[in-house]
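The lines below spell out each chain.
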Amino acid sequence: MFVRDQWYVAAYGYEVGRDLLSRTILGEPLVLYRTEDGEPVALADRCVHRRYPLSQSHLDGDTVVCGYHGFTYDRTGACVAVPGQRRVPRTARVASYPVVEQDSFVWVWIGERERADESLIPRAPWLADPAYTTVSGMEPLAARYELLVDNLMDLSHETYLHGGYIGTPEVAETPITTEVDDKNGVVHVSRHMADAACPPFYARSTGIEGRITRRQDIEYHPPCLYLLHSRVAPVGVLPNADGSDPDGFHVEVVYAITPETEHSTLDFWAVARDFALDDQGVSDFLRESNRTVVLQDVTALNILERVIATEPEGYQELSINIDTGGLAARRILQRMRDVRS
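Please read these numbers as outputs of a predicted model, since none were measured by experiment.

## Examining the pairing of strand E9 (residues 99-102)
Okay, step 1: Covered by surrounding structure in E9 are Val100 and Gln102 only, the residues Val99 and Glu101 on the alternate face being uncovered.
Okay, step 2: Adjacent in sequence and paired antiparallel, E9 and strand E10 (residues 105-109) are bridged by two residues, among which aspartate 103 carries a positive phi angle near 55°.

Below you can see the structure in the form of structure tokens.
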């Protein structure tokens, strides 16, 4: 069951333009576009007449003209013209959805419209900050979104699934600390490594030679946004007592987790860095490396989805210390579902 009264990422801002974009979120087919003034719009992707997808249609100014019979809709979803008659049926309307563009993402509210509150959108400010350079992408999963949450909350899998990219033995060997902010519904998981091998992801992008001090601080805002605050530096190079950190390399990894259907997910990923800002070679390397890591996760989670589909009812899994963050996330997600059930 989905958590419906929440904001979800439907697209990156650069994906939404004057071409009609089709996306499915929480089982709802949407069509997205920008008005001539540049404002993003999200409508239900079904003409009321014969259910033809509006995403397969065309824009006329700020209206969408159905490519099948010409029913025409304004940005509010109201039908403003039908073929062969002047009177537009009173019920000729498609759903429109609240939309907010923030931190390079286009967020859409799928739940009850009167509950949509922009202040509830979690922030990822680095993605639109000129002090950072960002690479990004999106990969679809043929797996339920909860599996992606589990995956991201337990980074020990980097050692085994992502060796040669971001994983080293120390990630799996180092204990984690987990804190749950019940008031704000946020899960924090931290892993600090004082002396670790430097994986290629950081060695090639930062130029660090030798071993590193490495921090991974997770901040999960259920159900939709995951932040990984990552810091690396040569061994012994720590932040200053006043909190400043001019000698560290900082990477903000962002995942927007958008359920598409009960068994598929849109995995929006972004990597923002505060070093080598104008180095296109570093950008190209980080984009390709992180996409490879994401695709490794996609392959594993798609396999898991198929395995779960064949399990007998009541199958019990084993959890250990590394799962505390993921289990806390599961509890919050279930509580959010229960509120609306």
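Right, picking up where we left off after that structure.
## Considering the pattern of salt bridges
Okay, step 1: For the coordinates displayed, the defined rule picks out 19 salt bridges.
Okay, step 2: Between arginine 4 and glutamate 28 there is a salt bridge, with its nearest N and O atoms 3.2 Å apart. Remark: glutamate 28 occurs in strand E3 (residues 28-34) and arginine 4 occurs in the segment before strand E1 (7-12); sequence separation between them is 24 residues.
Okay, step 3: The class for arginine 4 is partly exposed, based on a relative accessible area of 32%.
Okay, step 4: A salt bridge links arginine 123 to aspartate 103; its shortest N-O distance comes to 2.7 Å. Placement of arginine 123 in the loop between E10 and strand E11 (133-141) and of aspartate 103 in the loop between E9 and E10 is noted, with a sequence separation of 20 residues between them.
Okay, step 5: A residue is classified by how much of its surface remains accessible, and aspartate 103, at 8% relative accessible area, is buried.

## Focus on the nonpolar core
Okay, step 1: Ranked by internal contacts, the top residues of the largest apolar core, which has 100 residues, are Leu32, Phe105, Met153, Tyr220, Leu225, Tyr226 and Val254.
Okay, step 2: With seven residues, helix H5 (residues 280-309) is the single largest residue contributor to this core.
Okay, step 3: The contact partners of tyrosine 226, leaving out residues within four places of it in the chain, are Leu152, Met153, Leu155, Ile218, Glu219, Tyr220, Val253, Val254, Tyr255 and Ile257.

## Observations concerning empty space enclosed by the protein
Okay, step 1: One pass over the full model with this rule turns up two cavities of 30 Å³ or more.
Okay, step 2: Of the voids in this model, the largest cavity is the one considered here, and its volume is about 170 Å³.
Okay, step 3: Glu158, Ile166, Leu228, Val253 and Tyr255 are, among the 19 residues lining the largest cavity, the residues nearest its centre.
Okay, step 4: Put simply, the parts of the chain that give the lining of the largest cavity at least two residues each are helix H1 (145-153), helix H4 (200-206), strand E14 (212-221), strand E15 (225-234), strand E16 (249-261) and H5.
Okay, step 5: For the lining of the largest cavity, the class distribution of residues is 10 nonpolar, six polar and three charged.
Okay, step 6: By volume, the second largest cavity is sized at about 40 Å³.
Okay, step 7: As for the second largest cavity, its lining consists of Met153, Leu155, Ile176, Val189, Ser190, Arg191, Gln216 and Ile218.
Okay, step 8: Ranked by residues supplied to the lining of the second largest cavity, first place goes to strand E13 (residues 186-196) with three residues.
Okay, step 9: Counted by class, the lining of the second largest cavity contains five nonpolar, two polar and one charged residues.

## Brief notes about the side chain of threonine 265
Okay, step 1: When you line up the elements, threonine 265 lands in strand E17 (residues 264-273).
Okay, step 2: One polar contact links the side chain of threonine 265 to the main-chain carbonyl oxygen of alanine 143, over a distance of 2.7 Å.
Okay, step 3: Here the side chain of threonine 265 touches tyrosine 145 through a polar contact of 3.0 Å, landing on its backbone nitrogen.
Okay, step 4: Apart from the residues lying within four places of it in its own chain, the contact partners of threonine 265 are Glu139, Pro140, Leu141, Ala143, Arg144, Tyr145, Leu148, Ile257, Thr258 and Glu260.

## Remarks on the sheet that holds strand E8 (residues 79-81)
Okay, step 1: Here we have four strands laid out as an open sheet, ordered E5-E6-E7-E8, and antiparallel in their pairing. The open sheet terminates on both sides in strands that have one partner only, identified here as strand E5 (58-60) and E8.

## With respect to the environment of arginine 291
Okay, step 1: For arginine 291, the location among the structural elements is in helix H5.
Okay, step 2: What makes arginine 291 partly exposed here is its relative accessible area of 35%.
Okay, step 3: Expressed as a C-alpha distance, the spacing of arginine 291 and methionine 138, which sit 153 residues apart in the sequence, is 8.7 Å.
Okay, step 4: Those residues in contact with arginine 291, other than ones at most four positions away along the chain, are Glu139 and Trp269.

## Some words on the packing of aromatic side chains
Okay, step 1: Applying the stated criterion to the full structure yields nine aromatic pairs.
Okay, step 2: Arranged with centres 5.8 Å apart and planes meeting at 70°, the rings of tyrosine 226 and tyrosine 255 form a pair that is edge-to-face. Placement of the pair is tyrosine 226 in strand E15 and tyrosine 255 in strand E16, with a sequence separation of 29 residues. The same class applies to tyrosine 226 as to tyrosine 255, namely buried.
Okay, step 3: Site record: aromatic cluster; members linked through ring pairs are Tyr12, Tyr14, Phe105, Trp107 and Phe268.

## Looking at the environment of leucine 266
Okay, step 1: In this fold, leucine 266 is placed in strand E17.
Okay, step 2: When the C-alpha positions of leucine 266 and alanine 81 are compared, they lie 34 Å apart, and in sequence the two are 185 residues distant.
Okay, step 3: Excluding residues that lie within four positions of it along the chain, leucine 266 makes contacts with Arg23, Thr24, Met138, Glu139, Ala256, Ile257, Thr258 and Glu260.

## Thoughts on the layout of surface pockets
Okay, step 1: A volume near 940 Å³ is recorded for the largest pocket.
Okay, step 2: The wall of the largest pocket is formed by 34 residues, among which Leu147, Asp150, Ile308, Glu317 and Arg330 lie closest to the centre.
Okay, step 3: Contributing elements (two or more residues each) for the lining of the largest pocket: H1, H5 and helix H6 (324-340).
Okay, step 4: Sort the elements by how many residues they give to the lining of the largest pocket and H6 lands first, with seven residues.

## A few points about the side chain of serine 230
Okay, step 1: Mapped onto the elements, serine 230 comes out in strand E15.
Okay, step 2: If sequence neighbours within four positions are ignored, serine 230 has contacts with Tyr202, Arg215, Phe249, His250 and Val251.

Rules behind the numbers
Residues numbered from 1 in each chain as written. Predicted model: local features only at pLDDT ≥ 70, side-chain atom pairs only at ≥ 80, totals over all residues. Heavy atoms only, no water. Buried < 20%, exposed > 50% of the residue type's maximum accessible area, 1.4 Å probe, protein only. Helix = DSSP H or I, 4+ residues; strand = E, 2+ residues; numbered from the N terminus. Pairing = 2+ DSSP bridges. Salt bridge = Lys/Arg side-chain N within 4 Å of Asp/Glu carboxyl O. Core = buried A, V, L, I, M, F, W, Y, C linked by side-chain atoms within 4.5 Å. Contact = heavy atoms within 4.5 Å. 1 Å grid on protein atoms, 1.4 Å probe; cavity = no way out; pocket = protein on both sides within 12 Å on 5 of 7 lines; lining within 4 Å. Points joined across faces, edges and corners; volume = space filled by probe spheres on them. Nonpolar A, V, L, I, M, F, W, Y, C, P; charged D, E, K, R; others polar. Polar contact = N/O pair within 3.5 Å; in protein donor to acceptor, adjacent residues only side chain to side chain. Phe/Tyr/Trp six-rings, centres within 6.5 Å; stacked < 30°, edge-to-face > 60°.

The values reported here are purely geometric and, on their own, carry no functional implication.
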